Number of protein chains: 2
Amino acid sequence: MRALTVMPGRAGSARLDETPDPAADEGPVLVRTLAVGICGTDVEIVSGRYGWAPPGQDRLIIGHESVGRVEDAPANCGLSTGDLVVGIVRRPDPVPCRYCAAGEWDMCANGRYSERGIKELNGYASDRFRIEPAFALRIDPSLGLLGVLLEPASVVAKAWDHVERIGSRSGAWAPRTVLVTGAGPIGLLAALIGQQRGLEVHVMDRVTSGPKPQLVRDLGGTYHAGHLPDDIDFAPDVIIECTGAPSVVLDALNRNTPSGIVCLAGISSGQHRIHLDVGVLNKSMVLENDAVFGSVNANRRHYEIAAEVLAKADKDWLSRLISRRVPLTHWAEAFDRHPDDVKVVLDFTL
Amino acid sequence: MRALTVMPGRAGSARLDETPDPAADEGPVLVRTLAVGICGTDVEIVSGRYGWAPPGQDRLIIGHESVGRVEDAPANCGLSTGDLVVGIVRRPDPVPCRYCAAGEWDMCANGRYSERGIKELNGYASDRFRIEPAFALRIDPSLGLLGVLLEPASVVAKAWDHVERIGSRSGAWAPRTVLVTGAGPIGLLAALIGQQRGLEVHVMDRVTSGPKPQLVRDLGGTYHAGHLPDDIDFAPDVIIECTGAPSVVLDALNRNTPSGIVCLAGISSGQHRIHLDVGVLNKSMVLENDAVFGSVNANRRHYEIAAEVLAKADKDWLSRLISRRVPLTHWAEAFDRHPDDVKVVLDFTL
C-alpha cells in the first residue's frame, strides 16, 4: 500500500513509500483511508523538528487527523464494515500514569504516551490502517470526508469541556461572550462550539481577506482583523487563545475579565522574550479571580463530544474549512502554505 | 466606644477615637469585640495607600479580621446572646452582579462590592459592632480568641475549594503533594488545610529562624528555607503561592507539574519588570495542561468550611500563629513589624 513516511529528525526525508499492509498487531479493525488532515505538527515532523519512529524502525508513517471506512471488523466490536470512522491519536503507556489509567491520556502526567503518526506509532496517512475498536470513533455517515475535522474538533471540545468545568468553580458561572484568537481550523472550530453553546462569538486573526472573516460572520460571529480595538465594547467571559503568539497570549491575559477564563490552546514556536511586569499581572489575576489553563490533545469522551458538534453543524460551513484537497500522489503540495488555506487535507479518493 | 479609625488616603491619620455606638442600620446583631487581626491590607490602609471611608464621612473604622461575642440578637435569627461570632468582610452592591446575586460576592465581576473595614463600610476594630445575621458566622466556642483566624482561613478555604473544583476537570484528579510559598498566616493556614486533606505538605519561606519552620514541621510538613533546591524530589500537584513576589510567582509557574494547579493568593506590591520568555511558558502550559488561577476574598460557604478547619485543628498550633496580642490602647505597636511575627492581633480584652 502507499504510505507517506518520514525519517523523524531529518528534514527532506518525507516520501511516498510502498509499504506492507498494516500489521495485525495494530488492531483488529481494518480501515480504508478517505482523507488525512495536515496540521502544524505534521509540518514540524516533515521539516525534521519533531516526531519519533516506532521503536526499532527508521521511518514513521505520519498523519493523525484521519477519516476512513471500515473494511473489516471483528463481530460485536461496535464497528461494522462500511462504518465511517476516525482514529484517536494518543495511546497510554502499558504502565499508565493515574490519568492514563482512567482513560484520560490527554492529561498524561509522565509523558510516556505514544501517538499515531507523531510518537512511536505509525499514523493514518496510508491507504489502509488498522486500529483497536476502543480507539476508533464511528461518526455520522453524512459527514463523509468532513470527518477529517473530528480530530481538531476533539482538541477544542476538550478545551471547552475544561472551560466549563473550571467555570463551575462558581455556581453563578454563565458565560455569554467568547473571544477566540486565531482563525485557523482550531480557532474556527472553537468558535463553532461557542456558537452552538449560544455564546456571542468574537474571533480575531491577522488576515483581512480570504475565507476566514466570512466563515466567522457566517457563524453569526464578529471578526476582528489584525488586532482588537482598545475600546472593545464586549467583555469576554472566555478567551480561547489559538495562535501561540506571545504578544497575543499576553493580550489575552490582559483582556481577561473578572472571574473570566483564558484557555491557552496554541503552541508557541521559537523564542520570544518579553519585558513583563509579573507583579502587576499577578495582582490583577488575584484580585479578579482570573483563571488561565493550557489544553492539549483529547480523550475518547472529547472525540464523542466533537462528533456531536460536527453532526449538528452546517455541512456547507464545515466543507469551507477544507480549503484544499490534495491527492496523495501530490502530497508535497499539502505542505506548501497558500494565503487562503484553512485546513488542507490529503484526499485518498482522488 | 473606642474605635481605631483612619482617614483613608492620608498617612499618619490613624488614631484611637471615641465614637458613638454602632448605628442600628449596620445590623440587628450587636457584638462585643474580642480581637481584631492585622494584615497587610490594614498596613496599607494605615499608611494611606488603600481604603475608602463610608460615603459622606471622612474617617473609616478599620479592622476586617474579627471575633466577638453576641450581646444582643433578634429572636430566631440563628444567633443568641453569648455566641462566639466572626463577621464576613464583603457585602454585595444593592444592584448586584450575577455572582453577587448568587451569594458569591468573592467573585464580584463589576467591583461594586463594599468591605467592612476596607471599602465604604466601617470595620470591626471598635469595642462593639453591629452586623446582619447573614454576614455573621457562629463558631466553635472552644476557639475563643483564635476565632480571629477565621477570616484569613476563609481566604485559603476558598483557594482550596477552587483548587478542588478546577482539579475536577479531570476524573482522575487526586492530589498528593502541595507546595505553599510563603509562611505567613495565609501560607500556614493553607498548609493546615493541605495537611487536613491528607496531602504531603511543603512550605517555602525566606526565613531560617523564628516560629515558622517549626510550625510547618509540627504540621508534619517539610520546611524549605530561602528557596527550593533545584533537584527537589517531590512534584507538587498543587502550588499555593502566598508571597506575591514576582520571582516566587514565576518559580511557582515553572515548577508546576503536568496537569498541576497553581493558585495565586499573594498580592504583589510595587513594580517588578522581568524579562520573560512568554512563548516558552505558554508552550509548557499548553503541553502540560497547566492551570493557574487567582483567588481573593471568600463567601459565606468558604467561612463555613474555614470554621470546620479551625474547629478540628490543634488549638495549641493555632494559638502559636498569634505571635503577639496588642492591647487596643497600644494599637500602633501592632503595625510595627517584628522579626518573629506571624499574626498580630489587637486584643480588646487586655
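Residues numbered from 1 in each chain as written. Chains lettered and ligands numbered in written order. Predicted model: local features only at pLDDT ≥ 70, side-chain atom pairs only at ≥ 80, totals over all residues. Heavy atoms only, no water.

Caption draft 1: Focus on the packing of helix α3 (residues 150–167) of chain A against helix α4 (residues 185–196) of chain A. Residues and elements named next belong to chain A. At a minimum axis distance of 9 Å, the contact between α3 and α4 shows a crossing angle of 55°. As summarised for this structure, α3 and α4 are arranged oblique, according to the angle between their axes. Considering only the axes of α3 and α4, their crossing is right-handed. In this structure, α3 uses Pro152, Ala153, Val155, Val156, Ala157 and Trp160 to contact α4, whose residues at the interface are Ile186, Leu189, Ala190, Ile193 and Gly194. For the contact of α3 with α4, the per-class residue count stands at 10 nonpolar, one polar and no charged. (Axes fitted to C-alpha atoms, helices over the stretch in contact; angles between N-to-C directions. Helix = DSSP H or I, 4+ residues; strand = E, 2+ residues; numbered from the N terminus. Parallel < 35°, antiparallel > 145°, perpendicular 65-115°, else oblique. Left-handed = near helix turned anticlockwise from the far one by under 90°. Contact = heavy atoms within 4.5 Å. Nonpolar A, V, L, I, M, F, W, Y, C, P; charged D, E, K, R; others polar.)

Caption draft 2: Quick look at α4(A). In this model α4(A) runs 16 Å from its N-terminal to its C-terminal C-alpha over 12 residues, within 8% of the 16 Å that 1.5 Å per residue would give. Listing the buried residues of α4(A) in full gives Pro185(A), Gly187(A), Leu188(A), Leu189(A), Ala190(A), Ala191(A), Leu192(A), Ile193(A) and Gly194(A). (Expected span 1.5 Å × (residues − 1). Buried < 20%, exposed > 50% of the residue type's maximum accessible area, 1.4 Å probe, protein only.)

Caption draft 3: Looking closely at the packing of aromatic side chains. Considering all chains together, one arrives at eight aromatic pairs over all chains under this definition. Ring geometry for Trp331(B) and Phe335(B): centres 6.0 Å apart, planes at 80°, overall edge-to-face. Above the face of the Trp52(A) ring, Lys119(A) is positioned so that its terminal group lies 5.9 Å from the ring centre. A cation over an aromatic ring shows up here: Arg90(B) above the ring of Tyr113(B), its NZ or CZ 3.5 Å from the ring centre. (Phe/Tyr/Trp six-rings, centres within 6.5 Å; stacked < 30°, edge-to-face > 60°. Lys NZ or Arg CZ within 6 Å of the ring centre and 35° of its normal.)

Caption draft 4: Up close: the pairing of strand β16 (residues 261–264) of chain A. All names here are of chain A. The side-chain alternation of β16 yields two buried faces, one formed by Ile261 and Cys263 and the other by Val262 and Leu264. Here four bridges tie strand β15 (residues 238–241) to β16, and the two strands are oriented parallel to one another. Bridging across to β16, Glu241 finds its partner in Leu264. Handedness of the crossover is the feature at issue here: the chain leaves β15, passes through helix α6 (residues 246–255), returns alongside β16, and the resulting connection is right-handed. Here β16 pairs with strand β18 (residues 291–294) via four bridges, running parallel. Following the sheet pairing, Leu264 is matched in β18 by Gly294. (Pairing = 2+ DSSP bridges. Right-handed = clockwise from strand over helix to strand, strands pointing away.)

Caption draft 5: Main features of the environment of Asp72(B). Residues and elements named next belong to chain B. Tracing the backbone through its elements, the reader meets Asp72 in strand β5 (residues 65–72). For Asp72, a relative accessible area of 40% puts it in the partly exposed group. Not counting the four nearest positions on each side in its chain, Asp72 is found in contact with Pro28, Val29, Leu30 and Thr81.

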